[in-house]
Amino acid sequence: MFRLAHISDIHLSPLPALTLRELISKRITGYINWRSNRKGMMTGGTLEALTDDLLTQHPDHIAVTGDLVNLALDEELETAQRWLKTLGRPEDVSVVPGNHDAYVPGALKKTRRYWEAWMRGDKQAAENLPVEFPYLRVRGDVALIGVSSARATAPFMATGDLRSKQATKLAEILTETGQRGLFRVIMIHHPPIRGAAPSHKRLLGIGLFQRIVRQHGAELVLHGHTHLATRYEINGPNWTVPVICVPSASQSFAGSHKPPAAYNLFTIEKTNVGWSCHMKQRSIIDAQMTIQTIRDDDLLAGS
């Protein structure tokens, strides 16, 4: 039995002070959005309560699917590095970047440097190689495959992409881990589902992603970006693959149309007919930050 926790869209706060030079870029729109919309709705106290509860569940591994920061300032990236250390050892926590982690040109390169210990595959870690996406980590019978959809975009845009080089490598990893009989979990920030995000926030390359999954298979896809608790499906070779999103880990209980902070916990087991995967969602349910299980579902059985 393997227990995998999933959190996303951390948006660590408070936002550090910005210089005038930093504001003369796309960051000015993000700063205004933070001050007018997110500052009062996404709080560190909420995140702390949620992660404290998560750690009491003693997961074997934690998947973090992007947007750890807001404007990808150096000080934010350093803060996120310290926060990741509170979740667990780098080998027990896997991260993929989101659009806010690549907010302006050059930011993604810095993000990789600050968070490389949590974004390196087993081969890269063993050989002390730089971060490369997609990466592969194998823990027990579970293959954790990190895909990056993060890129810098123009103001008022938050799209991501999956290009052919990364897609080709993803197909190779899915084939190889499938032949090894592993439970394959793909982690990506943007939803690989048409209509799951508005056009200015969508993933470019949804068709390519879905074609790879249809041809090569996977058992579970985890994403963030929308700040919603959603479940979609992609048809695999002989089964449907659940595609799961989780609300923002910092979303407060009141003051927003988005659901309050939550995390998902997946219990994965190999059976005599394939795999079983059970999902439990734990969420903040009131202003006192009480956390309860609000969803308890079987996602996959016998594939």
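Preceding this section is the structure that the text describes.
Residues numbered from 1 in each chain as written. Predicted model: local features only at pLDDT ≥ 70, side-chain atom pairs only at ≥ 80, totals over all residues. Heavy atoms only, no water.

A. Here's a closer look at the overall build of the protein chain. Looking only at helices and strands, the protein chain has 8 helices and 14 strands in total. With 303 residues in all, the protein chain has 56% of them scored as buried. In the protein chain, the share of contacts with a sequence separation of at least 24, taken over all contacts with a separation of at least 6, comes to 66%. Only carbon and sulfur atoms are counted for the fraction: they give 50% of the accessible area of the protein chain, which is about 12800 Å². (Helix = DSSP H or I, 4+ residues; strand = E, 2+ residues; numbered from the N terminus. Buried < 20%, exposed > 50% of the residue type's maximum accessible area, 1.4 Å probe, protein only. Contact = heavy atoms within 4.5 Å. Areas by Shrake-Rupley, 256 points an atom, 1.4 Å probe, with all protein chains shown as cover.)

B. Structural view of the packing of helix α4 (residues 74–87) against helix α5 (residues 107–119). Running from N to C, α4 and α5 cross one another at 5°; their axes reach a closest spacing of 10 Å. Taken together, the axes of α4 and α5 are roughly parallel relative to one another. Side by side, α4 and α5 meet where Asp-74, Leu-77, Glu-78, Ala-80, Gln-81, Leu-84 and Lys-85 of the first sit next to Lys-110, Thr-111, Tyr-114, Trp-115 and Trp-118 of the second. (Axes fitted to C-alpha atoms, helices over the stretch in contact; angles between N-to-C directions. Parallel < 35°, antiparallel > 145°, perpendicular 65-115°, else oblique.)

C. How the structure looks around the sheet that holds strand β7 (residues 183–187). The strand order across the open sheet formed by 6 strands is β4-β5-β7-β9-β11-β10, and the pairing between neighbours is mixed. A single partner strand is all that each edge strand has here, and the edge strands are β4 (135–139) and β10 (230–235). For this sheet, the mean angle separating the axes of adjacent strands, direction not counted, is 20°. Note that β4 and strand β5 (residues 142–146) share 5 bridges and pair antiparallel. Of the residues in β5, the one forming a bridge with Arg-139 is Val-142. (Pairing = 2+ DSSP bridges.)

D. Local environment of the environment of Lys-258. Within the secondary structure, Lys-258 is located in the loop between β11 (240–245) and β12 (262–271). A relative accessible area of 24% means that Lys-258 is categorised as partly exposed. Once the C-alpha coordinates of Lys-258 and Leu-228 are considered, the two residues, 30 residues apart in sequence, prove to be 6.7 Å apart. Discounting chain neighbours no more than four positions away, the residues touching Lys-258 are Thr-226, His-227, Leu-228 and Gln-251.

E. Expanded view of the pattern of salt bridges. Across all of its chains, the model carries 11 salt bridges by this definition. Between Arg-89 and Glu-91 there is a salt bridge; the shortest N-O distance is 3.2 Å. We classify Arg-89 as partly exposed; its relative accessible area is 49%. The partner of Arg-151 in a salt bridge is Asp-161, and the shortest N-O contact between them spans 3.5 Å. Linking Arg-151 in the loop between β5 and β6 (160–161) with Asp-161 in strand β6, this pair joins segments that are 10 residues apart in sequence. The partly exposed category is assigned to Arg-151, whose relative accessible area is 24%. A relative accessible area of 10% places Asp-161 in the buried class. Overlapping salt bridges, with partners in common, bring together Arg-89, Glu-91 and Asp-92 in one network. (Salt bridge = Lys/Arg side-chain N within 4 Å of Asp/Glu carboxyl O.)

F. Looking closely at the packing of helix α7 (residues 164–179) against helix α8 (residues 206–216). Viewed as axis vectors pointing N to C, α7 and α8 meet at an angle of 20°, and their least axial separation amounts to 10 Å. Relative to α8, α7 is oriented roughly parallel. Of the two elements, α7 crosses α8, and the hand of that crossing is right-handed. Residue-level inspection shows Ser-164, Ala-167, Leu-170, Ala-171, Leu-174 and Thr-175 of α7 in contact with α8, the latter providing Leu-208, Phe-209, Ile-212 and His-216. Of the residues belonging to the contact of α7 with α8, the class tally is 7 nonpolar, 3 polar and no charged. (Left-handed = near helix turned anticlockwise from the far one by under 90°. Nonpolar A, V, L, I, M, F, W, Y, C, P; charged D, E, K, R; others polar.)

G. Examining the nonpolar core more closely. Counting 56 residues, the largest nonpolar core has Ile-7, Leu-68, Trp-115 and Phe-266 as its most contacted members. If near-sequence neighbours (up to four positions away) are discounted, Leu-68 is found in contact with Ile-10, His-11, Leu-12, Ala-80, Trp-83, Leu-84, Val-95, Asp-101 and Trp-115. Membership of the second largest hydrophobic core comes to 26 residues, among which are Val-147, Ala-167, Ala-171 and Ile-206. (Core = buried A, V, L, I, M, F, W, Y, C linked by side-chain atoms within 4.5 Å.)

H. Structural context of the packing of aromatic side chains. Counted according to the given criterion, the structure contains 2 aromatic pairs. Arg-113 extends its terminal NZ or CZ atom over the ring of Tyr-114, reaching a point 5.4 Å from the ring centre. (Phe/Tyr/Trp six-rings, centres within 6.5 Å; stacked < 30°, edge-to-face > 60°. Lys NZ or Arg CZ within 6 Å of the ring centre and 35° of its normal.)

I. Geometry of the pairing of strand β1 (residues 2–7). Burial analysis of β1 places 6 of its 6 residues in the buried class, the great majority of the element. The sheet contact formed by β1 and β12 spans 5 bridges and is antiparallel. Residue pairing across strands places Phe-2 opposite Ile-268, the latter belonging to β12. In the sheet, β1 pairs with strand β2 (residues 61–64) via 4 bridges, with the strands oriented parallel. Bridge pairing links His-6 to Ala-63 in β2.

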